[in-house]
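# Results of the structural survey
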Amino acid sequence: MIGITFIHEANPERLRPIEEDGPDALDDLTVVNMEVMNSLDFTVLCGRSVKWNQGEPAVLLEDLVVVRVAPEALDHVLDGRHADLDSDQLADLNRLRTFVMQHGKEHIWEFATF
């Protein structure tokens, strides 16, 4: 996996199995995978306008993190014009846009490995 994974989950306690099972725990959650974009890409798209992540991580281990994405950041990234992105990056944005349209933006978490 090159890109990051987004999780929709209203109950942060359901994210706890990730601490023990790692990526295998994602099988029991509602997720969308990015093909090429990573956390830094989304942070850069936010610029100084808005902070990408919100609050403390739900899971923080040596090699992975699960942190909530700020709803305002999703608005900023998904509503913005991104002429400098390539077709693979735009496809990732469209995947994320569809995921947010289906599940809402209030309970989106970012799962990233290092």
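Everything in this summary refers to the structure shown in the same document. (Residues numbered from 1 in each chain as written. Predicted model: local features only at pLDDT ≥ 70, side-chain atom pairs only at ≥ 80, totals over all residues. Heavy atoms only, no water.)

A word on the packing of aromatic side chains. Per the stated rule, a full pass over the model turns up three aromatic pairs. Note on Phe6 and Trp52: the rings are 6.1 Å apart at their centroids and 75° apart in plane angle, and the pair reads as edge-to-face. Placement of the pair is Phe6 in strand 1 (residues 5-8) and Trp52 in the loop between helix 2 (39-46) and strand 3 (53-60), with a sequence separation of 46 residues. The same class applies to Phe6 and to Trp52, which are both buried. Taken together, a centroid distance of 4.9 Å and an interplanar angle of 10° make the contact between Phe42 and Trp52 stacked. Of the two residues, Phe42 sits in helix 2 while Trp52 sits in the loop between helix 2 and strand 3, which places them 10 residues apart along the sequence. Note on accessibility: Phe42 and Trp52 belong to one class, buried. Within the aromatic cluster, the residues linked to one another by ring pairs are Phe6, Phe42 and Trp52. (Phe/Tyr/Trp six-rings, centres within 6.5 Å; stacked < 30°, edge-to-face > 60°. Helix = DSSP H or I, 4+ residues; strand = E, 2+ residues; numbered from the N terminus. Buried < 20%, exposed > 50% of the residue type's maximum accessible area, 1.4 Å probe, protein only.)

Right, let's get into the sheet that holds strand 2 (residues 30-33). Read across the open sheet, the five strands follow the order 2-1-5-4-3; overall the sheet is antiparallel. Unpaired on one side and paired on the other, strand 2 and strand 3 mark the two borders of the sheet. Each neighbouring strand pair of the sheet contributes to a mean axis angle of 25°, computed without reference to strand direction. Bridge analysis of strand 4 (residues 64-69) against strand 5 (residues 108-113) gives five bridges, and the strand direction is antiparallel. Residue Arg68 lies in a different strand from strand 5, and its bridge partner there is Trp109. (Pairing = 2+ DSSP bridges. Axes fitted to C-alpha atoms, helices over the stretch in contact; angles between N-to-C directions.)

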